[in-house]
Amino acid sequence: MESFRLTRRNMIVTGFRQLQAARGTVGARKPDPEIVADITQGFRAHFSSLGDLAIERAWGGWIAMTPSWLPVAGQATRNISYLIACNGHGLAQAPYLGTLLADRVAGDKAQDNLATVWRERPRFSPSLAFSVPVMRAMWALDRRADRRAR
């Protein structure tokens with residue numbers, strides 16, 4: 001899943017995902033040079049006529065994912081509710097679940113669909129799918145599939 005967008009300043013922004021697990025406190029993240037090289041290679045494959053353009057900047061950031069790959073909603077304090085990890089099909093999940101959460105915050109009865117992801121207390125157990133070797137293998141297979149699709 002690569003994306004490319006032309007900005008108002010006539011720059012091309014590209015996006016890419018790669019799974020990595022963090023244990024403990026998540027701090028600032030620096031982009032992995034190997035991943036930046038892979039993104040650059042993908043960009044050059046898509047836009048070969050722009051091969052002389054230099055990559056100006058790279059950034060790496062975190063997104064929330066749960067071991068079950070399902071979103072989680074809850075209440076951190078009386079005045080703070082949250083909805084995290086709308087990963088995978090999150091583009092459809094986040095607005096829908098966000099509306100259900102907003103209704104709950106506004107005092108409406110909680111909908112059954114919100115109740116399915118609601119946690120009184122977040123509980124996350126370690127997941128084999130988030131182990132570094134498994135994620136590296138998934139990333140390599142995914143990148144190979146992307147290359148073949150081109």
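## So, the pairing of strand β3 (residues 72-77)
Side-chain positions along a regular strand alternate between the two faces of the sheet. Sheet topology places β3 next to strand β4 (residues 80-84); five bridges connect them, and they run antiparallel. From the neighbouring strand, Gly-74 faces β4, where its bridge partner is Tyr-82. Once β3 ends, the chain turns through two residues before running back antiparallel as β4.

## Let's talk about the nonpolar core
Of all hydrophobic cores here, the largest spans seven residues; its members are Ala-73, Leu-97, Leu-100, Leu-101, Leu-114, Val-117 and Trp-118. Residues contacting Leu-97, with those up to four places away along its chain left out, are Pro-71, Leu-83, Cys-86, Asn-113, Leu-114 and Val-117.

## Observations regarding unusual backbone geometry
One non-glycine residue, Asn-10, lies in positive phi territory at about 65 degrees. Tracing the backbone shows Asn-10 in the loop between β1 (3-6) and β2 (12-15). Taking the relative accessible area as the measure of exposure, Asn-10 reaches 61% and is therefore exposed.

## Considering helix α1 (residues 33-46)
Taking 1.5 Å of rise per residue, 14 residues should cover 20 Å, and α1 covers 20 Å from first to last C-alpha, within 8% of that figure. Contact partners of the buried residues in α1: β1, β2 and α4 (132-149).

## Points about α4
Here α4 is 18 residues long and its end C-alpha atoms lie 26 Å apart, about the 26 Å a rise of 1.5 Å per residue gives. If you check which residues of α4 are buried, you get Met-135, Trp-139, Arg-143 and Asp-146. One face of α4 carries all of its buried residues, which in axial projection span an arc of 70 degrees. In this structure, α4 carries Pro-133, Leu-141, Arg-144 and Arg-148 as exposed residues pointing more than 90 degrees from its buried face. Among the structural elements, α1 are those in contact with the buried residues of α4.

## What about the pattern of salt bridges?
Under the definition given, this model contains one salt bridge. Between Arg-57 and Glu-56 there is a salt bridge whose closest N-O contact spans 3.1 Å.

## Some remarks on the pairing of β1
Bridge count between β1 and β2: four bridges; the pairing is antiparallel. Bridge pairing in β2 places Ser-3 opposite Gly-15. Linkage of β1 to β2, two consecutive antiparallel strands, is achieved through a turn of five residues, within which Asn-10 is found at a positive phi near 65 degrees.

## Describing the environment of Gly-15
With respect to the secondary-structure elements, Gly-15 resides in strand β2. In this structure the C-alpha to C-alpha distance between Gly-15 and Ile-39, which are 24 residues apart in sequence, comes to 8.1 Å.

## Remarks on the confidence of the model for the chain
Summary statistics for the chain give a mean pLDDT of 79 and a share of 79% for residues scoring 70 or more. Across the chain, helix α3 (residues 112-115) holds the top mean pLDDT of 90, while α4 sits lowest at 78.

## Overview of the packing of α1 against α4
Here α1 crosses α4 at 15 degrees, and the two axes come no closer than 12 Å. Relative to α4, the element α1 lies roughly parallel. Of the two elements, α1 crosses α4, and the hand of that crossing is left-handed. Contacts between α1 and α4 involve Glu-34, Ile-35, Asp-38, Gln-41 and Gly-42 from the former and Arg-136, Trp-139, Arg-143 and Arg-147 from the latter. Among the residues forming the contact of α1 with α4, the class breakdown is two nonpolar, two polar and five charged.

Cut-off values and rules
- Residues numbered from 1 in each chain as written.
- Predicted model: local features only at pLDDT ≥ 70, side-chain atom pairs only at ≥ 80, totals over all residues.
- Heavy atoms only, no water.
- Pairing = 2+ DSSP bridges.
- Helix = DSSP H or I, 4+ residues; strand = E, 2+ residues; numbered from the N terminus.
- Core = buried A, V, L, I, M, F, W, Y, C linked by side-chain atoms within 4.5 Å.
- Buried < 20%, exposed > 50% of the residue type's maximum accessible area, 1.4 Å probe, protein only.
- Contact = heavy atoms within 4.5 Å.
- Expected span 1.5 Å × (residues − 1).
- Arc of directions from axis to C-beta.
- Salt bridge = Lys/Arg side-chain N within 4 Å of Asp/Glu carboxyl O.
- pLDDT = per-residue confidence, 0-100.
- Axes fitted to C-alpha atoms, helices over the stretch in contact; angles between N-to-C directions.
- Parallel < 35°, antiparallel > 145°, perpendicular 65-115°, else oblique.
- Left-handed = near helix turned anticlockwise from the far one by under 90°.
- Nonpolar A, V, L, I, M, F, W, Y, C, P; charged D, E, K, R; others polar.

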